[in-house]
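# Structure assessment
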Amino acid sequence: MHTYLFVDGLDMVARSAGGMAGLDPRRLLRPGGPLCPTDRPRTVEVAAQEQPEAGPDRLTIRVRLRGETVLWSDLMYPGLDGTVVEEARFRLEQYLGEVERAYAALKDPRAVPAEPLRHR
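Please read these numbers as outputs of a predicted model, since none were measured by experiment. (Residues numbered from 1 in each chain as written. Predicted model: local features only at pLDDT ≥ 70, side-chain atom pairs only at ≥ 80, totals over all residues. Heavy atoms only, no water.)

## Let's talk about the sheet that holds strand β7 (residues 84–91)
Spatially, β3-β4-β5-β6-β7 is the arrangement adopted by the five strands of the open sheet, whose pairing is antiparallel. Every interior strand has two partners, whereas the edge strands, β3 (20–22) and β7, have only one. Within the sheet, the average angular offset between the axes of one strand and its neighbour, ignoring direction, is 35 degrees. The sheet contacts of helix α3 (residues 92–107) involve β5 (58–66), β6 (69–78) and β7, and relative to β7 the element is tilted by about 90 degrees. (Pairing = 2+ DSSP bridges. Helix = DSSP H or I, 4+ residues; strand = E, 2+ residues; numbered from the N terminus. Axes fitted to C-alpha atoms, helices over the stretch in contact; angles between N-to-C directions. Contact = heavy atoms within 4.5 Å.)

## Section: the packing of aromatic side chains
Aromatic ring pairs are defined here through the distance separating the ring centres and the angle between the ring planes. This model, assessed by the stated rule, comprises four aromatic pairs. Plain terms: the ring middles of F90 and Y95 are 5.6 Å apart, the flat faces sit at 35 degrees to each other, and that makes the pair tilted. You'll find F90 and Y95 in the same group, each marked buried. Here the aromatic residues W72, F90 and Y95 are joined through ring pairs into a cluster of three or more. (Phe/Tyr/Trp six-rings, centres within 6.5 Å; stacked < 30°, edge-to-face > 60°. Buried < 20%, exposed > 50% of the residue type's maximum accessible area, 1.4 Å probe, protein only.)

## Remarks on unusual backbone geometry
With a phi close to 55 degrees, D8 is a non-glycine residue in the positive phi region. Looking at the secondary structure, you find D8 in the loop between β1 (6–7) and β2 (10–11). Phi is positive for D74, close to 65 degrees, though the residue is something other than glycine.

## Here's the deal with the pairing of β5
What you see with β5 is a clean split: L59, I61, V63 and L65 sit on the buried side and R58, T60, R62, R64 and R66 on the side with no burial. As paired elements, strand β4 (residues 42–49) and β5 share six bridges and run antiparallel to each other. What sits directly across from V44, in β5, is I61. Bridge count between β5 and β6: five bridges; the pairing is antiparallel. Considered in β6, the bridge of L65 is made with V70. Hairpin connection, β5 to β6: the antiparallel pair is bridged by two residues, and G67 has positive phi, about 65 degrees.

Laid out in structure tokens, this is it:
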């Protein structure tokens, strides 16, 4: 089972590093888990190489809370317009709601599926 991290409808993991798959959602989405933002920035491993290949074997992002905004930084993937996305910002309320919905769907597959996160 893999976590898919969609930002503005784009699969961030697939666009960042081909051959990698998001880590187990029970690891990333659990309450208080690594994707839960804090005032202190932290590096979070979000994906790993599925098959051994040359190059990096892990994909990480920096997650931080600044006021009512969640920041993901250290990103490097092509956005919708072809420019490189280096940072994404999310409204805290929406972000936490989507993480909670995704976690609930793990426990009950009949739960409402999460909406893709939209960065500001």
